[in-house]
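# Coordinate inspection notes
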Number of protein chains: 2
Amino acid sequence: MAPTTNIKEAHPMKGGDDPNSYVQNSSYQKGVIDAAKEIIIEAVTQHLDLENNLTTFDPSKPFSIGDFGCSTGPNTYFAMQNIVEVVAEKYKSIKQPKPEFHVFFNDHVNNDFNILFRGIPPNSDYFAAGVPGSFYSRVLPKGSLHLAHCSYALHWLSQVPKEIQDKNSPAYNKGKIHYTGTEKYVVKAYFDQFQRDMDVFLTSRALELVGGGLLIIQMPGLPSGETMFTMTGAGLLHAILGSSLMELAKSGIISEESVDSFNLPQYHPSMEELGKVIERNNNFTVEKVGILNHPMKDLPFDVQRTSLQVRAVMDMILTEHFGEHILDQLFVIYTRKLQENYDVFDKQIRKDADFFLVLKRKFH
Amino acid sequence: MAPTTNIKEAHPMKGGDDPNSYVQNSSYQKGVIDAAKEIIIEAVTQHLDLENNLTTFDPSKPFSIGDFGCSTGPNTYFAMQNIVEVVAEKYKSIKQPKPEFHVFFNDHVNNDFNILFRGIPPNSDYFAAGVPGSFYSRVLPKGSLHLAHCSYALHWLSQVPKEIQDKNSPAYNKGKIHYTGTEKYVVKAYFDQFQRDMDVFLTSRALELVGGGLLIIQMPGLPSGETMFTMTGAGLLHAILGSSLMELAKSGIISEESVDSFNLPQYHPSMEELGKVIERNNNFTVEKVGILNHPMKDLPFDVQRTSLQVRAVMDMILTEHFGEHILDQLFVIYTRKLQENYDVFDKQIRKDADFFLVLKRKFH
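So, a few notes on the structure that sits alongside this text.

Quick notes on the rules
- Residue indices follow the written sequence of each chain, beginning from 1 at its first position.
- Whichever chain is written first becomes A and whichever ligand is written first becomes 1, with later ones labelled in order.
- Selection of residues for local features in this predicted model requires a pLDDT of at least 70, selection of side-chain atom pairs for listing and counting requires 80 or more, and totals for whole chains, interfaces and linings are taken over all residues.
- Side-chain figures throughout are based on the complete set of non-hydrogen atoms in the structure, without hydrogens or water.
- The helix and strand labels rest on DSSP assignments: H or I over at least four residues marks a helix, E over at least two residues marks a strand, and numbering proceeds from the N terminus.
- Put simply, the radius of gyration uses C-alpha atoms, and a globule should come to 2.2 Å times the residue count raised to 0.38.
- The buried label goes to any residue with under 20% of its type's maximum accessible area, the exposed label to any with over 50%, and the partly exposed label to all in between, with areas taken from a 1.4 Å probe on protein chains only.
- Residue contacts are counted whenever heavy atoms from the two residues lie within 4.5 Å of one another.
- The salt bridge definition used is simple: a Lys or Arg side-chain nitrogen within 4 Å of an Asp or Glu carboxyl oxygen.
- In superposing the copies, a least-squares fit is computed on C-alpha atoms, taking residues whose pLDDT is at least 70 in both.
- We define buried area as the total accessible area lost by two parts upon association, computed with a 1.4 Å probe and summed across both.
- Throughout, the protein atoms alone are placed on a 1 Å grid, and a set of points is a cavity if a 1.4 Å probe fits but cannot get out or a pocket if it is open with protein on both sides within 12 Å along at least five of seven lines; lining residues have an atom within 4 Å of a point.
- Grid points are joined across faces, edges and corners, and a volume is the space filled by probe spheres set on the points.
- Three residue categories are used. Nonpolar comprises Ala, Val, Leu, Ile, Met, Phe, Trp, Tyr, Cys and Pro, charged comprises Asp, Glu, Lys and Arg, and polar comprises the others, including Gly.
- Lines are fitted to the C-alpha atoms to define the axes, a helix being fitted only along its stretch in contact, and any angle between axes, read from their N-to-C directions, falls within 0 to 180 degrees.
- Angles below 35 degrees are treated as roughly parallel, those above 145 as roughly antiparallel, those between 65 and 115 as roughly perpendicular, and all remaining angles as oblique.
- Two helices crossing with the near one rotated counterclockwise from the far one by less than a right angle form a left-handed crossing, whereas a clockwise rotation gives a right-handed crossing.
- For two strands to be treated as a pair, DSSP must find no fewer than two bridges joining them.
- Handedness of a crossover is defined as follows: with both strands directed away from the viewer, a clockwise route from the first strand across the helix to the second makes it right-handed.
- The term nonpolar core refers to a set of buried residues drawn from Ala, Val, Leu, Ile, Met, Phe, Trp, Tyr and Cys, joined through side-chain atoms within 4.5 Å.
- Between the first and last residue of a helix there are one fewer steps than residues, each counted as 1.5 Å, and that sum is the expected span.
- The bend reported for a residue corresponds to the angle between axes fitted to the seven residues ending at that residue and the seven starting there.
- Polar contacts, as counted here, are pairs of nitrogen or oxygen atoms within 3.5 Å of one another; within protein the pair requires one atom able to donate a hydrogen and one able to accept it, and residues that are adjacent in sequence qualify only if both atoms are side-chain atoms.
- Two rings from Phe, Tyr or Trp (for Trp, the six-membered ring) form a pair when their centres are within 6.5 Å of each other. A pair whose planes differ by under 30 degrees is stacked, one over 60 is edge-to-face, and the rest are tilted.
- Geometrically, a lysine NZ or arginine CZ counts as sitting over a ring once it is within 6 Å of the ring centre and also within 35 degrees of the ring normal.

Here the focus is the overall build of chain A. Within chain A, the secondary structure is distributed over 10 helices and seven strands. In summary, chain A has a C-alpha radius of gyration of 20 Å against a globular reference of 21 Å for 364 residues, a match within 12%. The proportion of buried residues among the 364 residues of chain A is 61%. Here the analysis covers contacts within chain A between residues at least 6 apart in sequence; of these, 84% occur between residues at least 24 apart.

Printed below as a string of structure tokens:
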């Protein structure tokens, strides 16, 4: 059996609940949840086939839901509430009693579960459990889950691709902290890692889910027709973080070498790439895919909010590599650079694509 | 459905892993686990009736175990490992495949789950989940558990009995922090609270357990033939804590009133009292009861270790009431008083009784 805790742990969101925490700075991700609410309602209503599988979805037994990469809240509470409500509605519509709901909140061992647990709304209509461990491994027993959800977490890779950090590899990524899309070997190394990780994710969830169970994913991806990651809002944000680190290096506060050896373990796939990995994995049928209509897309770009959000997400990974002492100074530079590039961001960020996918566990 | 998190939270063990933490000071409780190992082996081997209930205990489905009042570790890991091993052995003995194991670690929302999760042995042969919430409520779905375990936690009441703190009640407990056994109304108020709590505990576990599922309890109790709690080691420890607080009050560091309004929410029942509550609850049959043979019973009384252990257990409840600033000074006095009463403790503590009970969920 896969042990649950010996996977190399990486980059949980900033814990606690102070002004720099993820709890206080995840409104973009909340926007994803809001935009996904309609998707969830439609997915469950149309694709969760309770009526023909009442042995698998027996309402006298608990209906189990997993949120993979739940972080510290509050977004996961909204998502879980949405799911519980629409599943209950679905049972009602087929004249079955409402099952008891069991919600499994999953994230890295180093996620702040204490904050997560304290924030669970007191009158939630479900029993809550926290599941520590990387979702790039089995974290729940076989067939123990009826619905899995993963929002804005699957673009995080399990690790930085090894070649990126190998000085003798053509994929060595000197002077940058991510791929822009122009460096063939670098992009390939990132894509290969993504494929491997995604395949492990799908296989693990397939084992945990019952046949006919749904897997609902939201994640940032490459907009259709775009090939350069650096032309997306997310790509630009990463490039600016890289150049802010280089500016710190030039003033001698950190070494250039430490920037060279820092790389973001993230990949934003195209819809085609995603489709291929799912098809090859062969455990799921694709019920529906599309692009979320993020409610913030129509608002002007907000420098301060974006800076705080990026800091909450990147805090731990930056602290691990460079130490906590550089963070304040780094984000002063970062905020300035966002401001300097305001017009580009205000235009570019609107084009970014947040994918959603509704997959169904095959019965084989 | 019972919400999982709106129960008044009380007295989790001291979190973190510093020298004053529960993690570092729970060797007495570990002794209980060691002494209980044989009990667990015998309980599962003799009383877990897999062979005649292979629908309920279907090895193709996860076998779920709950530890209620697990605290921050490491004792819960030993207990869970013991259970998983003997259950696996039992399946093997009836020529069935080994099921996957799902372990639910339950404690108050304010328990330090981050420390608990980080300590889970990396190669444990089970999937781990944390369940936040008081065990004096439902914390898991109906019929979701095959075996429940509760070690050294059930003597903690859900709250201080109200009458104890009511100046107009005959049970008002002025100048003391617990019952000694001589005050009729005080003892009755404590016992009534214990009965109510224990009944809620049993009913909650009965709903969570499958028919035929086992509930294994270890808890401190009143030695047979003894009626005065103050004549037990635990009673003496509480009395000394009370008199240490009064000494602080007399030097003006805390008010006497604050000592009057402080009471320990603990009850150590006699075996007869326990038996009556279980019988009246009517959800369980009693398969076996007895007194644990604690391995520390043969060692000389250790003042320093006992003082540290009591501090780790009482830290949070004392801090909530009096503030953290008094703790160092309080435990200097406490240690001195333990030393002064060395001979009494060295004799008395050996008579203390740790009960074990093996209960089976009825099939009704």
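A word on the pattern of salt bridges. Tallied over the entire structure, the rule returns 29 salt bridges over all chains. For K98 of chain A, the salt bridge is made with D125 of chain A, and the minimal N-O distance between the two is 2.7 Å. Separated by 27 residues along the polypeptide, K98 of chain A in the loop between helix 2 (75–93) and strand 2 (101–107) and D125 of chain A in the loop between helix 3 (113–119) and strand 3 (127–132) bring together distant segments of the chain. Among the residues examined, D125 of chain A registers a relative accessible area of 23% and is labelled partly exposed. We note a salt bridge from R205 of chain B to E208 of chain B, for which the minimum N-O separation is 2.8 Å. Residue R205 of chain B and its partner E208 of chain B are located together in helix 4 (residues 184–208), separated by three residues, close to a single helical turn. Both residues of the pair, R205 of chain B and E208 of chain B, belong to the buried class. One network of salt bridges, with partners in common, ties together E100 of chain A together with R138, R205 and E208 of chain B.

What follows is about the relation of the copies chain B and chain A. Note on the copies: chain B fits chain A at an RMSD of 0.0 Å, the axial shift is 0.0 Å, and the rotation between them is 180°. The symmetry that links the two subunits is that of a two-fold axis. For chain B, the minimum C-alpha distance to the rotation axis belongs to G130 of chain B and amounts to 2.4 Å.

It is worth spelling out the interface of chain B and chain A at this point. Facing the 36 residues of chain B at the interface are 36 residues of chain A. Between chain B and chain A lies a buried interface of about 3100 Å² when both sides are counted; carbon and sulfur atoms form 62% of it. Run the count over chain B and chain A and you get two salt bridges. A salt bridge links E100 of chain A to R138 of chain B, with the shortest nitrogen-to-oxygen separation between them at 2.9 Å.

What follows is about the layout of surface pockets. Volume-wise, the largest pocket comes out at about 1100 Å³. Lining the largest pocket are 43 residues, with K61 and P62 of chain A together with K61, P62 and G143 of chain B sitting closest to its centre. Residue assignment for the lining of the largest pocket shows that the elements contributing at least two residues are strand 1 (63–68) and strand 2 of chain A together with strand 1 (63–68), strand 2 (101–107), helix 4 and strand 5 (209–221) of chain B. Among the elements that line the lining of the largest pocket, the one with the most residues is strand 5 of chain B, at three residues. Residue composition of the lining of the largest pocket, grouped by class: 17 nonpolar, 18 polar and eight charged.

Turning to the packing of helix 1 (residues 27–47) of chain A against helix 2 of chain A, a few remarks are in order. All names here are of chain A. As a packed pair, helix 1 and helix 2 sit with axes 10 Å apart at the nearest point and diverge in direction by 15°. Judged on the interaxial angle alone, helix 2 and helix 1 are roughly parallel. The crossing of helix 1 and helix 2 is right-handed. Counted together, Q29, K30, I33, K37, I40, I41, V44 and T45 of helix 1 and N75, F78, A79, N82, I83, V86, V87 and K90 of helix 2 form the full contact between these two elements. Here the contact of helix 1 with helix 2 is built from residues that sort into nine nonpolar, four polar and three charged.

Next up on the list: the pairing of strand 5 (residues 209–221) of chain A. A regular strand places its side chains so that they alternate between the two faces of the sheet. Residue and element names in this part refer to chain A. Most of strand 5 sits out of view: 12 of its 13 residues are buried. As judged from the six bridges shared by strand 4 (residues 145–151) and strand 5, these two strands associate in the parallel manner. Following the sheet pairing, H149 is matched in strand 5 by I216. Tracing the backbone out of strand 4, into helix 4 (residues 184–208) and back to the parallel element strand 5 gives a crossover that is right-handed. As defined by bridge partners, strand 5 adjoins strand 7 (residues 353–361) across eight bridges and the pair is classed as antiparallel. Along strand 7, the bridge assignment pairs M219 with F355.

The biggest cluster of nonpolar side chains holds 87 residues, and the ones touching the most others in it are F201 of chain A together with F201 of chain B. Per-element tally for this core: the top contributor is helix 4 of chain A, with 10 residues. Ignoring anything within four residues of it in the chain, the contact list for F201 of chain B reads F68, F135, Y136, C150, L154, L215 and I217 of chain B. With 82 residues, the next largest nonpolar core counts I33, L48, V84 and F105 of chain A among its residues.

A few words now on the environment of I41 of chain A. Tracing the backbone shows I41 of chain A in helix 1. Separated by 45 residues in the primary sequence, I41 of chain A and V86 of chain A have C-alpha atoms spaced 5.9 Å apart.

All names here are of chain B. Over its 20 residues, helix 8 (residues 303–322) extends only 24 Å from the first C-alpha to the last, a length that falls short of the 28 Å expected when each residue adds 1.5 Å. M314 marks the point of greatest bend in helix 8, at about 55°. The N-cap of helix 8, judged by a side-chain oxygen 3.2 Å from the amide nitrogen of Q304 a few residues on, is D302. Downstream of helix 8 by a residue or two, G323 has a phi angle that is positive, lying close to 95°.

Glancing now at the environment of C70 of chain B. All names here are of chain B. The residue C70 is located in the loop between strand 1 and helix 2 (75–93) in this model. Classification of C70 as buried rests on a relative accessible area of 6%. Along the sequence, C70 and H47 sit 23 residues apart, while their C-alpha atoms lie 23 Å from each other. C70 has contacts with T76, F105, N106, D107, N111 and L116, leaving out every residue within four places of it along the chain.

Between G73 of chain A and the following residue, P74 of chain A, the backbone shows a cis peptide bond with an omega angle of 0°. You can see P74 of chain A is positioned in the loop between strand 1 and helix 2. Positive phi, normally seen in glycine, also occurs at N282 of chain A, with a value near 70°. Locating N282 of chain A in the fold gives a position in the loop between helix 7 (271–281) and strand 6 (284–291). Residue Y152 of chain B is not a glycine yet carries a positive backbone phi of 55°. Positionally, Y152 of chain B belongs in the loop between strand 4 (145–151) and helix 4. Using a relative accessible area of 18% as the deciding quantity, one classes Y152 of chain B as buried.

Inspection of the secondary structure puts A128 of chain B in strand 3 (residues 127–132). In this structure the C-alpha to C-alpha distance between A128 of chain B and F117 of chain B, which are 11 residues apart in sequence, comes to 8.4 Å.

With that out of the way, let us pick up the packing of aromatic side chains. The full count for this structure, using the stated rule, is 39 aromatic pairs over all chains. Ring centres of F262 of chain B and F322 of chain B lie 5.1 Å apart, and the angle between their planes is 55°; on these two criteria the pair is classed as tilted. Of the two residues, F262 of chain B is situated in the loop between helix 6 (256–260) and helix 7 (271–281) and F322 of chain B in helix 8; the sequence distance between them amounts to 60 residues. Here F262 of chain B matches F322 of chain B in class, with each residue buried. Seen in terms of ring centroids, F331 of chain B and Y334 of chain B are 5.3 Å apart; in terms of plane orientation they differ by 70°. Their pairing is edge-to-face. With a gap of three residues between them, F331 of chain B and Y334 of chain B both fall in helix 9 (residues 327–340), about one helical turn apart. Grouped by ring-pair contacts, the aromatic residues Y179, Y190, F191, F194, F229 and Y267 of chain A constitute a single cluster. The ring of Y185 of chain A has K184 of chain A sitting right over it, with the charged end atom 5.1 Å from the ring centre.

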